[in-house]
Amino acid sequence: MSSNNHNYPKDCFFIHFGKSAGRYINVYLVEEIFVKTDFIEKYKPHFYNNWWGQRFPKGEGDFLFKSYSEESRDFKKSELLDISNKSKQNLKFVTCHHNNLDDDTVDSFNSKGWFTFMFIRDPRDLICSLYFYSIKVKAKHGCSALGKEGALAGNLNIKEDFQDPDWDDPDLDTFVNRMITKPEYFRFWKTPSYIDKLDFVKEFNENNFATFLKQAYNHDYKKDTVGKKNVSYNKGYKYYLDKGLISEENNLKLLNHKDYINFNRYLDEK
């Protein structure tokens, strides 16, 4: 991982691994740190977020939130590189989905002294969450969360080579099989190439989030101040495996998948 020794608070780049508490993290930082009067007056923070830039309540949004687009989407590479070069006048925070980044972009932020971090989740529960979240999104918006118009694809819909994952109302076992056998699904759960370049990579839980807050902002985590955000009705991988809704064949394929084995290096010991 890259070295980053400057004092807190830090300019932070949050690489949002979809369905790994990203919305909770963003909301907590805003409500408990960024909009506090003493923090605003001292650090004049800028919060770069195309997803919220046009929708955050007037007042806080006019001052804090910076957006490059009227659309809710991830930043393009050129936009991220521009943000990485911003002056030190304002404390900065930027967020982008993990599957819309490359090594060069992460290298640029690291070279400018940004604190790059990502929270992750056990791929088994992540895959279940992706499944039930996509059902929820399709029922509400008529499209899959994994498709071109879905949030988890970020701005990949503007790329001509984007291959839209199937969404034909599969059962859970079929979905698990597709996640571990079809390359167009890998981007949603496998570890990105740049993961070892990040300053902080942890499985999301209260202890690890508290550690991040202390390192980045010298802030003591306040439990139960922000409720869960953007949740699905996922009961967890083990529940569905025990119920027979995930086959033992697909379970073994996942457990023996090279990307699942690689992911385990970053998960807390159970």
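For the structure, check the block above.
Notes on the structure in this doc start here. (Residues numbered from 1 in each chain as written. Predicted model: local features only at pLDDT ≥ 70, side-chain atom pairs only at ≥ 80, totals over all residues. Heavy atoms only, no water.)

## A word on the packing of aromatic side chains
Under the defined criterion, the tally for this structure stands at 40 aromatic pairs. Taken together, a centroid distance of 4.2 Å and an interplanar angle of 35° make the contact between Phe13 and Phe109 tilted. Of the two residues, Phe13 is situated in strand β1 (residues 12-16) and Phe109 in helix α5 (residues 103-111); the sequence distance between them amounts to 96 residues. Relative accessible area serves as the criterion here: at 0%, Phe13 is assigned to the buried category. (Phe/Tyr/Trp six-rings, centres within 6.5 Å; stacked < 30°, edge-to-face > 60°. Helix = DSSP H or I, 4+ residues; strand = E, 2+ residues; numbered from the N terminus. Buried < 20%, exposed > 50% of the residue type's maximum accessible area, 1.4 Å probe, protein only.)

## A few points about the packing of helix α1 (residues 22-34) against helix α9 (residues 206-217)
A pair of packed helices is captured by two measures, namely the crossing angle of their axes and the spacing between those axes. Contact geometry for α1 and α9: axes closest at 13 Å, N-to-C directions at 45°. In terms of axis orientation, α1 runs oblique to α9. The hand of the α1/α9 crossing is right-handed. Together, Tyr24, Ile25, Tyr28, Leu29, Ile33 and Phe34 of α1 and Phe209, Phe212, Leu213 and Tyr217 of α9 make up the contact between the two elements. (Axes fitted to C-alpha atoms, helices over the stretch in contact; angles between N-to-C directions. Parallel < 35°, antiparallel > 145°, perpendicular 65-115°, else oblique. Left-handed = near helix turned anticlockwise from the far one by under 90°. Contact = heavy atoms within 4.5 Å.)

## Examining the packing of helix α4 (residues 77-84) against α5
Contact geometry of α4 with α5 gives a least axis separation of 9 Å together with a crossing angle of 10°. Taken together, the axes of α4 and α5 lie roughly parallel to each other. On α5, the residues touching Lys77, Leu80, Leu81, Ile83 and Ser84 of α4 are Asp104, Thr105, Ser108 and Phe109. Class assignment for the residues of the contact of α4 with α5 results in four nonpolar, three polar and two charged. (Nonpolar A, V, L, I, M, F, W, Y, C, P; charged D, E, K, R; others polar.)

## Topic: helix α11 (residues 248-255)
The α-helix winds at 3.6 residues per turn, so residues separated by three or four positions along the chain end up facing the same way. For α11, every residue scored as buried is listed here: Asn250, Asn251 and Leu254. Considered in projection along α11, the buried side chains sweep an arc of 105° and stay on one side of the axis. Looking at the buried side of α11, the elements it contacts are α6 (123-141), α7 (172-181), α10 (237-242) and α12 (258-263). (Arc of directions from axis to C-beta.)

## Re the environment of Glu249
Relative to the helices and strands, Glu249 is located in helix α11. Glu249 sits in the exposed class, given a relative accessible area of 55%. The spacing of Glu249 and Asn177 is 72 residues in sequence and 9.2 Å in space, taken between C-alpha atoms.

## Observations concerning α9
Along its 12 residues, α9 runs 16 Å from first to last C-alpha, staying within 8% of the 16 Å computed at 1.5 Å per residue. Those residues of α9 that are buried lie in contact with β1, α1, α2 (37-43), β4 (92-97), β5 (115-120) and β6 (200-203). Put simply, Asn205 is the residue that caps the front of α9, since its side-chain oxygen is 3.2 Å from the backbone nitrogen of Asn207. Among the residues trailing α9, Asn218 stands out with phi positive, at a value near 50°. (Expected span 1.5 Å × (residues − 1). Polar contact = N/O pair within 3.5 Å; in protein donor to acceptor, adjacent residues only side chain to side chain.)

Scope: geometric values only; no functional claims are made or implied.
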